[in-house]
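The primary structure of each chain is shown beneath.
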Amino acid sequence: MTGRRRIRRTLLPALPRPVRATALSAGALVACVSLAAGCGVIPGTTSGSGDDPIKVMTWAPQDTSATNKAGVPAMAAAYARWLNSQGGLNGRKLKVLTCNDHNNAVGAAKCARRAVDENVVAVVGSYSQFGDSYFAPLEGAGIAYIGGYGVTNKEFTSAVSYPVNGGQPTLLAGLGKALADSCGPVALVRPDSIAGDQLPELIDSGLASGGHDAAKDQLAPEDATEYGKQSEQALRAATADPLEKGCVVPALGGRTDTFMDSFRRARGDYPAVRAATVLGSVDQSVINATGGANGPYEGSYITGWYPVASDKRWDPMKKVINKEAFGDNRIDPADAGVQTTWIAYTALRAVLEKIGDGEVSADSVRRTLNSGLKVSTGGLTPTLSWPQQGQGKLASVGLARLVNADVTLQVVREGQLAAAKDGGVVDVTKTLLNANLS
């Protein structure tokens, strides 16, 4: 007998039927309940007694030639060590399983299937570009995906997804809105990938809200070692109007700094342009590496989901990192993946505290999230609460699960990321409602 979870379909009528060749027959399930010894875990429950650890999973790509987010699982492990050092929750320890999705669809699917096989109660604070690969197993097993990075649209449509930020939709829409009044021609340099295909409509929705023309969409390989050709193309597009100062927007994730190396060498042959991007494509370390106050980002707008890293609201996270992961250079408190993982585990803790001494399972975690639970993140986000499927403010544009449309507008000032304007918070709900995201 496999001892794997039985899927309780009655709790998720809208979800697809699980496709699992190893599903127990009704007769085998009765036999397992009658002869519990040796049959493993009773399906649909936690993996043992109330004293067993609460098992969750966090995944992200590591050791690849393109996007790497090693800080995500490292932050998850540090959070678990810290929580367990405080006695856990209701006397139970938190066990975090980690998985490397290798930045490909096969790896993402393997991580999801392992989460199902390991009977985790949730997948928390993870990063993957391959939502079509990992959501099907999670939906089939009814496992909540809490606080994903927000890199795919599937995270804002799946009934088992509980996002804590607005993902790429809000960042690009917010950036477009900020640039509409200050830029001439805009050139978007983005990955030639499934995730990258979603970006042009998003930035264009923000630009359109300010009456600006659409950005020039320029594809680039995600794993290139130099971007000389793409830099030249972007500069030509951004300087097409001699009467207005154009903007170049690189949105290449971990390869943005590589692009900026090429861009800095090429820009001297063109009229001045302004650079702008989103957090996740650039952080303080990238700004430092490209010249700080004398580099191409000086004066640039950058949109993020959360307050700047120097904000005191991050102090609790920094204390945990200092206590449990001091010297671990994978964990950068200014990294958006690390920050999102912290907030995702904050949400998980709120769920587990609400369940209290009750049964902790994938079913009970999901029921609690669906019950109107309100999660405070100490001001790092608005209070989070996830509506019933189809009832979200952005359901009409295909983003039914997006509940936090706030972005922070930041500016590089004297080589340092700082909040722009009055606190820098912009709600882009209306901008997204007017976007063509079909």
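Residues numbered from 1 in each chain as written. Predicted model: local features only at pLDDT ≥ 70, side-chain atom pairs only at ≥ 80, totals over all residues. Heavy atoms only, no water.

### Structural notes on the overall build of the protein chain
Alright, step 1. When you go through the protein chain residue by residue, the secondary structure sums to 13 helices and 14 strands.
Alright, step 2. Each of the 438 residues in the protein chain was classed as buried or not, and the buried ones make up 58%.
Alright, step 3. The contacts in the protein chain between residues at least 6 apart in sequence include a share of 70% that link residues at least 24 apart.
Alright, step 4. For the protein chain, the computed accessible surface area is about 17,800 Å², with 49% contributed by carbon and sulfur atoms. (Helix = DSSP H or I, 4+ residues; strand = E, 2+ residues; numbered from the N terminus. Buried < 20%, exposed > 50% of the residue type's maximum accessible area, 1.4 Å probe, protein only. Contact = heavy atoms within 4.5 Å. Areas by Shrake-Rupley, 256 points an atom, 1.4 Å probe, with all protein chains shown as cover.)

### Structural notes on the side chain of R255
Alright, step 1. Relative to the helices and strands, R255 resides in the loop between β8 (247-250) and α8 (256-266).
Alright, step 2. Here R255 sits buried without a salt bridge, and the closest side chain of opposite charge, D257, lies 6.1 Å off (N-O distance).
Alright, step 3. Reaching out from R255, the side chain makes a polar contact with the backbone oxygen of S65 at a distance of 2.4 Å. (Lys, Arg positive; Asp, Glu negative; His and termini not counted. Salt bridge = Lys/Arg side-chain N within 4 Å of Asp/Glu carboxyl O. Polar contact = N/O pair within 3.5 Å; in protein donor to acceptor, adjacent residues only side chain to side chain.)

### Describing the state of the cysteines
Alright, step 1. With the rule as written, the count across this model stands at 2 disulfides.
Alright, step 2. Each sulfur of the disulfide joining C183 and C247 lies 1.8 Å from the other. For the disulfide bridge between C183 and C247, the dihedral angle about the S-S bond is near -75°, and by the sign convention the bridge is left-handed. Of this pair, C183 sits in the loop between α5 (167-179) and β6 (186-191) while C247 sits in strand β8, and the two are 64 residues apart along the sequence.
Alright, step 3. Of the residues examined, C183 reaches a relative accessible area of 6% and is grouped as buried.
Alright, step 4. Within the protein chain, bonded cysteines paired by disulfides and numbered along the sequence follow the pattern 1-2, 3-4. (Disulfide = S-S within 2.5 Å.)

### Digging into empty space enclosed by the protein
Alright, step 1. All chains considered together, the criterion is met by 4 cavities of 30 Å³ or more.
Alright, step 2. Its volume calculated, the largest cavity comes out at about 230 Å³.
Alright, step 3. Taken together, 21 residues form the lining of the largest cavity, with Y127, V151, Q168, L252 and G253 sitting closest to its centre.
Alright, step 4. Its residues assigned to classes, the lining of the largest cavity shows 10 nonpolar, 9 polar and 2 charged. (1 Å grid on protein atoms, 1.4 Å probe; cavity = no way out; pocket = protein on both sides within 12 Å on 5 of 7 lines; lining within 4 Å. Points joined across faces, edges and corners; volume = space filled by probe spheres on them. Nonpolar A, V, L, I, M, F, W, Y, C, P; charged D, E, K, R; others polar.)

### Re the packing of aromatic side chains
Alright, step 1. Scanning the entire structure with this criterion turns up 16 aromatic pairs.
Alright, step 2. Both rings, one in Y162 and one in W386, keep their centres 5.8 Å apart while their planes meet at 85°; by these two values the pair is edge-to-face. Of the two residues, Y162 sits in strand β5 (residues 161-162) while W386 sits in the loop between α12 (362-370) and β12 (406-413), which places them 224 residues apart along the sequence. This pair shows no difference in class: Y162 is buried, exactly as W386 is.
Alright, step 3. Taken together, the aromatic side chains of Y127, Y149, W305, Y306 and W314 make up a single cluster linked through ring pairs.
Alright, step 4. For the cation-ring pair, R401 lies above Y162, with the distance from its terminal atom to the ring centre recorded as 4.9 Å. (Phe/Tyr/Trp six-rings, centres within 6.5 Å; stacked < 30°, edge-to-face > 60°. Lys NZ or Arg CZ within 6 Å of the ring centre and 35° of its normal.)

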